[in-house]
Each structure stands twice: as structure tokens, then as C-alpha cells.
Number of protein chains: 2
Amino acid sequence: MPRVLLITAYDGTGYNGSAYQPEAVTIEGVLKKAIKGLTGHEPELIGASRTDAGVHACGNLFVFDTQASIPPDKFSYALNSMLPDDIRIMKSMEVDPSFHPRHCNSVKTYQYRIWNDDVMLPVKRYYAWHCSFNLDIEKMQQAAEYLVGTHDFTSFCNTATQTPDHVRTVISVNVFREGKEVVIEVKGKGFLYNMVRIMAGTLAMIGRSKGSPEDIQAMIEARNRSAAGPTAPANGLCLMKYEFPDKEVVI
Amino acid sequence: MPRVLLITAYDGTGYNGSAYQPEAVTIEGVLKKAIKGLTGHEPELIGASRTDAGVHACGNLFVFDTQASIPPDKFSYALNSMLPDDIRIMKSMEVDPSFHPRHCNSVKTYQYRIWNDDVMLPVKRYYAWHCSFNLDIEKMQQAAEYLVGTHDFTSFCNTATQTPDHVRTVISVNVFREGKEVVIEVKGKGFLYNMVRIMAGTLAMIGRSKGSPEDIQAMIEARNRSAAGPTAPANGLCLMKYEFPDKEVVI
């Protein structure tokens, strides 16, 4: 049975996160309903990343198997005509039936955006965290370097996680300004529950001169959530894209 | 009586434009109510630019006279605590009682944003016009040059206008890409009803190879709305800022 990959973008403002919940409005729930409306069958939908309520995506992935006669690359058009405008299929394609978006070597890119000015700009209010204190970008970048590499990220993980293994590999963290926004771009092979938001909250804390860049080292070594900084709010976070270095999928 | 200037930003999505209408929700109506709540008196509010329903602003101006004891530079904080989060006072200040934001020499900057890709990105849906056809930026910039200068812009004005004089001065028009967005940045001393949206619609038409840059010349000379291209949708437009070259106000 052909397996279809959906490259999915959404505005997470109106959703209780991406993962299916029977009693709540979720990205996966709305996608499932649209696919059922199109193919007549409720699909088993496999999502790549779970995103929290209010978190956005420009390229989260979902796969499902279908015997529908719709060509895989046309699912995007067909689904977009049925989905609300805050969820779009940017592209759809056939993938190998063995492809599983969580069980393969992938690189994820996240951006965390901070509106760094006295007053929040209304058009950014759902897409950036408002920090009115001055942020020292150089200090944040220095701090970010300590996060790069393969570490036990227990200190940067929500304690409610059910994942026992907290070792993850962060490939890069870049902090830069775009006008009045501070952007923290994080690339990694995998992330723990709230990991990017805790990284952003901790970097912002250091950027406003509460602590020094070297403190990150001790925070990681503590393996204790209370050692790191606060969890930054959901609305600043966007899952930008997936890449597959082993070329299982070219997207 | 002291005159207070409010530098105002808003997300125009939920409003019937900026100008007061007794039976509709407008930016001016909401501002008036908040000022009355704060000072006890309904102010006579003078707006700088009228923006259409769905058009955004990062720096539209309003002035009002008040005898309230609140220091003019503190009005921003006081009003922001009462306003909905899609309207913010970015800054407030005292200005000369003779200052009128429409009766003085000013330069306005607008940006018109086009999301130029097959599928609209959900997080941009309220802030950019979706054009899926390929846009030739160089042709758009060449066309834009014909709009610069002092011209009779009747062809670029909604026929419902009540302004008899259609001569306006456009200082610059720059067309550039920002990722998958095409940005048209227009600076001018004054604009007619829908002028920037008609400029954007016309430049996009030429960018998709319907006509050539030189056609703009004939469109201007025709002094007839039907000679120019379509009016681009409101959501792509944002009034970015006001500047006062004669330094009546430094904002």
C-alpha cells in the first residue's frame, strides 16, 4: 500500500498541539478528518514532531498509507481545499513504505523568535515572545556554543517527559537579530519535551545579564531541570524544516 | 491644553479600518474609548492616515488634546493596559498644540508583502497576499521607477475617492525578496485612496509578465482607474512609519 508524506505548515495559535487527542482540537485530528473526507478511510497518521499548543510549523511531517486513487503528489491540493487556512500541506509525495519519520536519521531546524522592544508589535503577538529588557546577543551566542554537541539534556527537559534517554545531539545554535527580533535558530538530530523552549528561556536569561555564558556548562552537568532557566512561551517557537542526511527522502 | 501624539501599531485583521464609524469596530473607535476610560473625556482624535479594513500599521499617528494629569509620555503605558493586544501605543509624547498630522510636511513608508510560493504559509496568511505565479523582481523594480516622482495618480486611485486633487509625490519604490516574500516598499509625501494597493497589484501584474515596465508611463498618463492593474488585497499592506523632514516632530 503506498505511503504518502505530507510536509505540513500550521499556525498553532488555535490548536491544542499537534498530537491527536480525542477531546481536543489538534493538528493531527483535523488532518485525519480531512484525509478521511477525501479517501473514505480514517488513516493511521504518523507524525514526525509533537509540537505544543501555540507552537507553529513551516514543515512538520506526517505519513499515512492509502489505497486511494489520488496520486501522492496531488494530495496537497486535494487536502488544502478541505483544510482550514491555518493548516496547509506545502507538498505531498510518495515515500518508501518502510519510511518512518521518527525512526530515521534526520536533522530538525527550529527558530525561536523574541520581540525585543519596549512594546509588543501587534502583528507579531502570536509569533514571538515579548522581552522588553535589552538582550546581549554576543553573550547569548557564547552561551549557545555550550549547548552544541551530544549531551545529557535532562536540565533542558520538561520533568513530565516519559522518555528515559535524555542524551541528544545539537548540531548548531545561532543567535541573530532581524530588526527588533532576536532569532535563536537551533539545528539538532532530536529534541526532548520543551527542550528548545527551555534553551531559549535560558539564553534570554543570560542575554539580560542574569548569569554568564559559562554557566551553561554547569547547568548541563547538573542533569536537573531546576538548574536551567525558564521555559520560554510556546508562541515564539516554529518548527522550520526536516532534512534527511541519508537521503532516505529528498524533500 | 497639551496635545498628545500616539504612535500606534495595530493588527488590522479584526477591524473595519482605522477611521471612526459609529456602527463598526474601528481602530479610532477603540482608541477613543480607551482614552475616555483613562481621562474621563471622549477626545477629539485626529488620525494621520486612514487605513482600510484588514490593513496593518507599525506606526500610524493620532493626536488629541487633554487636560488629564497623566504625563504625555506615560499615556502609552496607561493606554496599553486598557487596549486589546491587537492595538498598541508604541510611544506617546507631547507635541506643539498647532501640530496636525495631516497638515504638515511628512514622509510615509508603506510595505506591501506578497507570499510568492505555491502554497500560502499559514503564519503569514493575514500579513501577505498569496501569489503563486513566479514574479520577476527586476521587471517589477523597472516598472516601479516610473511611479517615482510627482504625477497625477488618478489611474492609481479608487474611483470612490472624494479628493479632487490627484497629484501626489512618490519618493521611492523598492522591490526586494525576503525569503519567499516579495516586499514592495513605498515612500511618499502623500497617497490617494487605495493608491499603494493599486501600485502593488499593478507591479505584480507586470512581474508575472502581463505587460512591460514601460506600460506604467501610459497608465499614469491615462488618468483613468481602468488603465492600471488590480487593487491588491488589504492584508498585505502595512503602514510602517511617519517621518517629518521639517523636524516639527522627532519620533
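Note that the coordinates shown come from a computational prediction; the quantities given were computed from them, not determined experimentally. (Residues numbered from 1 in each chain as written. Chains lettered and ligands numbered in written order. Predicted model: local features only at pLDDT ≥ 70, side-chain atom pairs only at ≥ 80, totals over all residues. Heavy atoms only, no water.)

## So, the relation of the copies chain B and chain A
Stated formally: We superpose the copies by least squares over the C-alpha atoms of residues that have a pLDDT of at least 70 in both of them.
Overlaying chain B with chain A gives an RMSD of 0.0 Å, the required rotation being 180° about an axis along which the chain moves by 0.0 Å. What the rotation and shift describe, once combined, is the action of a two-fold rotation axis.

## Some points on the pairing of strand 3 (residues 56-65) of chain A
Residues and elements named next belong to chain A. For the record, the criterion: Exposure categories follow from relative accessible area, calculated using a 1.4 Å probe and restricted to protein chains: below 20% of the type maximum is buried, above 50% is exposed, and the middle band is partly exposed. Secondary structure elements follow DSSP: runs of H or I of four or more residues count as helices, runs of E of two or more count as strands, with numbering from the N terminus. Two strands qualify as a pair provided that DSSP identifies no fewer than 2 bridges between them.
Across the 10 residues that make up strand 3, a large majority, nine, are buried. For strand 1 (residues 3-10) and strand 3, the ladder comprises seven bridges, and the chain directions are antiparallel. Bridge pairing links Ile7 to Leu61 in strand 3. Inspection of the sheet shows strand 2 (residues 46-47) paired to strand 3 by two bridges, in the antiparallel sense. Its bridge partner being in strand 3, Gly47 is matched across the sheet by Phe62. Note that strand 3 and strand 10 (residues 237-243) share two bridges and pair parallel. Bridging from a neighbouring strand, His56 pairs with Cys238 of strand 10.

## Concerning the domain arrangement of chain A
Buried accessible area, meaning the area lost when the parts come together, often serves as the stated size of an interface. Residue and element names in this part refer to chain A. So the rule is basically this: Annotation comment: domain bounds sourced from an automatic or database domain assignment. Contacts are assigned to residue pairs with any non-hydrogen atoms lying within 4.5 Å of each other. Salt bridge, as applied in this entry: a Lys or Arg side-chain nitrogen positioned within 4 Å of an Asp or Glu carboxyl oxygen. Pairs of N or O atoms are called polar contacts if they sit within 3.5 Å, as long as, within protein, a hydrogen donor faces a hydrogen acceptor (for residues adjacent in sequence, only side-chain-to-side-chain pairs).
Per the domain assignment, the segments of chain A are domain 1 (3-95) and domain 2 (107-243). The straight-line distance from the C-alpha centre of domain 1 to that of domain 2 is 27 Å. Each partner contributes to the interface: domain 1 provides 15 residues, whereas domain 2 provides 14 residues. One can count one salt bridge joining domain 1 with domain 2. Across the contact surface, domain 1 and domain 2 share 10 residue pairs in polar contact (both at pLDDT 80 or more).

## Brief notes about the packing of helix 3 (residues 137-147) of chain A against helix 5 (residues 215-222) of chain A
Residues and elements named next belong to chain A. Keep this limit in mind: Interaxial angles span 0 to 180 degrees and are taken between N-to-C directions of axes, which are lines fitted to C-alpha atoms, for helices over the stretch in contact. Here roughly perpendicular refers to angles of 65 to 115 degrees, roughly parallel to angles under 35, roughly antiparallel to angles over 145, and oblique to all remaining angles. Left-handed describes a crossing in which the near helix is turned anticlockwise from the far one by less than a right angle; the clockwise case is right-handed.
Closest axis-to-axis distance for the helix 3/helix 5 pair is 8 Å, and the angle between their directions is 30°. Taken together, the axes of helix 3 and helix 5 are roughly parallel relative to one another. Between helix 3 and helix 5 lies a crossing whose hand is right-handed. Contacts between helix 3 and helix 5 involve Ala143, Tyr146 and Leu147 from the former and Ile216, Gln217 and Ile220 from the latter.

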